[in-house]
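Descriptive structure summary
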Amino acid sequence: MLAGIARRVGACLLGFGLTALAGGALADDVPFAQPNPAPLGASAPASPARLGDMMSVIQTRHSKLWFAGGVRNWPLAAYEMDQLKQSFIDAAMLYGNIPVDAITLATRPLDAINEAVKARDLARFSDGFRKLTAGCNSCHAAGGVGFISIRSPTASPFSNQTFEPAGK
Ligand code: HEC
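Residues numbered from 1 in each chain as written. Predicted model: local features only at pLDDT ≥ 70, side-chain atom pairs only at ≥ 80, totals over all residues.

Thoughts on the site of the ligand
Definition in use: Nearness here is judged by the C-beta atom: place it from the backbone, and if it falls within 6 Å of a molecule or strand, the residue counts as near that partner. Numbering of helices and strands runs from the N terminus; a helix is a DSSP stretch of H or I covering at least four residues, while a strand is a stretch of E covering at least two. Think of it as three bins: nonpolar holds Ala, Val, Leu, Ile, Met, Phe, Trp, Tyr, Cys and Pro, charged holds Asp, Glu, Lys and Arg, and polar takes everything else, Gly as well. Those domain boundaries reflect an automatic or database domain assignment.
Around the ligand, a shell composed of 26 residues is seen, among which Ala33, Met55, Ala106, Cys136 and Cys139 lie nearest. Sorting the residues of the shell around the ligand by element identifies helix H2 (51-70), helix H4 (100-119) and helix H5 (122-142) as the ones contributing at least two each. When residues in the shell around the ligand are grouped by element, the largest group, seven residues, is from H2. The class makeup of the residues in the shell around the ligand is 18 nonpolar, seven polar and one charged. Mapped onto the domain boundaries, the shell around the ligand takes at least three residues apiece from domain 1 (2-30) and domain 2 (51-142).

Section: the nonpolar core
Note the threshold: The term nonpolar core refers to a set of buried Ala, Val, Leu, Ile, Met, Phe, Trp, Tyr and Cys residues connected through C-beta atoms within 7 Å. Buried, partly exposed and exposed are defined by the number of other C-beta atoms within 10 Å of a residue's own C-beta, namely 20 or more, between the two limits, and 12 or fewer respectively, with C-beta atoms placed from the backbone.
With 25 residues, the main nonpolar core has Leu65, Ala77, Met81, Leu84, Ile113 and Val117 as its most contacted residues. For this core, the secondary-structure elements that each account for two or more residues are H2, helix H3 (74-94), H4 and H5. Here this core gets seven residues from one element, more than from any other, and that element is H2.

Details of the environment of Pro35
Take Pro35: it is sitting in the loop between helix H1 (2-22) and H2. Measuring from C-alpha to C-alpha, the distance between Pro35 and Asn97 comes to 7.9 Å, with 62 residues separating the pair along the chain.

Considerations on the packing of H2 against H3
Definition in use: Every axis in this analysis is a line fitted to C-alpha atoms, fitted for helices over the stretch in contact. Angles between the N-to-C directions lie between 0 and 180 degrees. For classification purposes, angles smaller than 35 degrees are called roughly parallel, those larger than 145 roughly antiparallel, those between 65 and 115 roughly perpendicular, and all remaining angles oblique. Here is the rule for handedness: rotate from the far helix to the near one, and if that takes an anticlockwise turn smaller than a right angle the crossing is left-handed, while a clockwise turn gives right-handed. Here contacts are defined at the residue level, using C-beta atoms placed from the backbone and a cut-off of 7 Å between them.
At a closest axis distance of 9 Å, the pairing of H2 and H3 adopts a crossing angle of 160°. When the axes of H2 and H3 are compared, the pair comes out roughly antiparallel. Judged by the twist between their axes, the crossing of H2 over H3 is left-handed. The segment H2 lies against H3, with Leu51, Met54, Val57, Ile58, Arg61, His62, Lys64, Leu65, Ala68 and Gly69 engaging Leu76, Ala77, Glu80, Met81, Gln83, Leu84, Ser87, Asp90 and Ala91. Here the contact of H2 with H3 is composed, by residue class, of 11 nonpolar, four polar and four charged.

Observations concerning H4
To keep it simple, the criterion reads: Helix span is expected to be 1.5 Å times the residue number reduced by one. We define the bend at any residue as the angle between the axes fitted to the seven residues before and including it, ending there, and the seven starting there.
Given a rise of 1.5 Å per residue, 20 residues ought to cover 28 Å, and the 29 Å separating the end C-alpha atoms of H4 matches this to within 8%. At Ala106, H4 is deflected by roughly 25°, the largest bend along its length, and proline Pro109 occurs up to four residues later in sequence. By the burial criterion, the buried members of H4 are Ala106, Pro109, Leu110, Ile113, Ala116 and Val117. In this structure, the buried residues of H4 make contact with H3 and H5. Arg120 occupies a position one or two residues after H4 and carries a positive phi of about 55°.

Without other data, these values stay purely geometric and don't point to any function.
Here is the structure:
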């Protein structure tokens, strides 16, 4: 019994230590990052994709979208935009605590970007991208992770991918 208590206290301290080490929000503290409970009768997936991990993919696509649009590679921009939309849908399905408004704020600019891509209009693309980025940040603020601040990328970290349209 004593050993059990010691183990529990130890676990508590370990948990506290980790939180203190992180010095900020861990997934457990982020209300939006609580996965949906399993439906009655179904077992929860062994390890649902973590919201922070899905966000890292979203960050990649946000960046690629910018570099594709910036050099008027419209087919690639359309592709990345679609991937981004899909990632947001996946996140919204897995993490039902995320308010619908917060998702809409981020996905509505994707429709504007889609129109801009179809019209091959760089100015409208840039405007849509700016609104998309504002949508990222407003959800981060609402979700208690406002310190994760997104902006338009300044240099591509993807030296293994060409963004220029084919033939250039
Ligand atoms: C609907 C809400 C919401 C939207 C929209 C959103 N995020 Fe997030 N994001 C979060 C939350 C909540 C976290 C913290 C997740 C956690 O800690 O588990 C997060 C975390 C992140 C992280 C940190 C991941 C890491 O491991 O470093 C990045 C980067 C990120 N988001 C990028 C973006 C980008 C880029 C966009 C817009 C294209 C975006 N997010 C839009 C809610 C959102």
